[in-house]
Amino acid sequence: MSVRRLAKVQPASFAFSKATKAKADWWIAKYPADRRQSAVIPILWLVQKQEGWCPEPGLRAIADLLGMPYIRVLEVATFYTMFMLEPVGSAALIQVCGTTPCMLRGAGDLMEVCKKKIGPKDVLSADGRFTWQEVECLGACANAPMAQINDYYFEDLTAETMAQVIDDFAAGKQPKPGSRVGRVSSEPEGGALTLTDPKLYDGSAARKIKKLPNSEPVTA
């Protein structure tokens with residue numbers, strides 16, 4: 001987005017909501033008074049959750065709250081890609097992983113669906129409800145292809161299931177995140193094939209210990 005276009009979308013002002021301010025104060029209290037600037041990242045996140053993105057007046061409010069120069073808040077906000085510096089979809093921000101494992105498993109097909117249903121990447125949809133982006137590895141390679149939508153992972157996607165997820169958000173629904181093939185975590189499709197004996201986890205196979213080592217009280 002150009003500087004001129006970005007300037008047009010900035011709100012005239014920003015105010016912390018009561019809940020946001022209370023949570024910001026909670027974060028600030030975690031640090032010594034002369035280190036309150038350490039709370040900049042969580043407070044940027046709080047502002048983004050309140051507004052849907054991080055507008056310039058919000059960044060300036062954070063700078064005032066933490067007693068730090070505005071440029072330093074901007075440096076942090078522009079370094080971390082999780083902070084959105086322009087408006088994004090009110091219904092869904094879709095971040096499609098485009099790293100090699102996902103690409104090999106069909107991420108390109110997911111992106112084509114997003115183009116057809118939403119429009120160009122990194123551009124707010126005409127109705128203001130959707131934005132989609134191509135991002136780098138989101139760390140769910142075993143469940144490729146996948147996308148992060150708002151705060152959650154949607155995994156083992158196909159063009160068809162991606163389209164259905166977008167349609168559900170468009171209809172005001174909240175589709176359930178996770179695998180689209182019933183996979184649990186990063187297990188193989190169909191369930192775990194190794195370490196399946198419950199005794200490995202419930203403690204029943206452990207050798208009974210009558211007395212814990214080094215458990216006697218220390219005496220002078």
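Scroll up to find the structure.
About the thresholds
- Note on numbering: residues in each chain are counted from 1, in written sequence order.
- Local features in a predicted model are, by the rule used here, given only for residues with pLDDT of at least 70; side-chain atom pairs are given and counted only at 80 or more, and totals for whole chains, interfaces and linings are based on all residues.
- Hydrogens and water are ignored here; the side-chain numbers use all heavy atoms of the structure.
- Following DSSP output, two strands are said to pair if at least two bridges run between them.
- Put simply, DSSP marks the helices as runs of H or I at least four residues long and the strands as runs of E at least two long, and each gets a number from the N terminus on.
- We call two residues in contact when some of their heavy atoms are within 4.5 Å.
- To obtain an axis, a line is fitted to C-alpha atoms, over the contacting stretch when the element is a helix, and the angle between two such axes runs from 0 to 180 degrees between their N-to-C directions.
- Any residue under 20% of the maximum accessible area for its type is buried, any over 50% is exposed, and the rest in between are partly exposed; the area is computed with a 1.4 Å probe on protein chains only.
- In a helix, the anticipated span is given by 1.5 Å times the number of residues less one.
- We call Phe, Tyr and Trp rings a pair once their centres come within 6.5 Å, taking the six-membered ring for Trp, and we label the pair stacked below 30 degrees between planes, edge-to-face above 60, and tilted otherwise.
- Sitting over a ring, as applied to charges here, requires NZ of Lys or CZ of Arg to be within 6 Å of the ring centre and within 35 degrees of the ring normal.

This paragraph deals with the sheet that holds strand β5 (residues 178-179). A sheet is described by the order of its strands in space; here five strands give the open sequence β2-β1-β3-β4-β5, paired in mixed fashion. With one partner strand each, in any of the chains shown, β2 (130-135) and β5 form the two edges of the open sheet. As defined by bridge partners, strand β3 (residues 147-149) adjoins strand β4 (residues 152-155) across three bridges and the pair is classed as antiparallel. Bridged to Q148 within β4 is Y153. Each of β1 (92-97) and β2 is contacted by helix α7 (residues 107-117), which is oriented at about 150 degrees to β1, the strand it contacts most.

As a further point, take the pairing of β2. Most of β2 sits out of view: five of its six residues are buried. Bridging between β1 and β2 involves six bridges; their strand directions are parallel. Across the sheet, residue C97 finds its bridge partner in β2, namely V135.

Taking 1.5 Å per residue, twelve residues should reach 16 Å; helix α8 (residues 159-170) reaches 17 Å between its end C-alpha atoms and fits that length. Those residues of α8 not exposed but buried are M162, A163, V165, I166, D168 and F169. The secondary structure elements touched by the buried residues of α8 are β1, α7, β2, β3 and β4. Downstream of α8 by a residue or two, G172 has a phi angle that is positive, lying close to 85 degrees.

So, about helix α4 (residues 56-66). Taking burial as the measure, the eleven residues of α4 include eight buried ones, the bulk of the element. In this structure, the buried residues of α4 make contact with α2 (18-28), α3 (40-51) and α5 (70-79). Phi turns positive, to about 65 degrees, at G67, one or two residues after α4.

On to the packing of aromatic side chains. Here the structure, examined in full by the defined rule, presents five aromatic pairs. Relative to F83, the ring of Y80 has its centre 6.5 Å away and its plane inclined at 90 degrees; by these criteria the two rings are edge-to-face. A residue is classified by how much of its surface remains accessible, and Y80, at 34% relative accessible area, is partly exposed. In this structure an aromatic cluster arises from ring pairing among F79, Y80 and F83. Directly above the aromatic system of W27 lies the positively charged group of K30, at a separation of 5.6 Å from the ring centroid.

With that out of the way, let us pick up the environment of D167. Looking at the element boundaries, D167 is found in helix α8. The exposure class of D167 is partly exposed, given its relative accessible area of 35%. A C-alpha to C-alpha distance of 46 Å links D167 and R35, two positions 132 residues apart in sequence.

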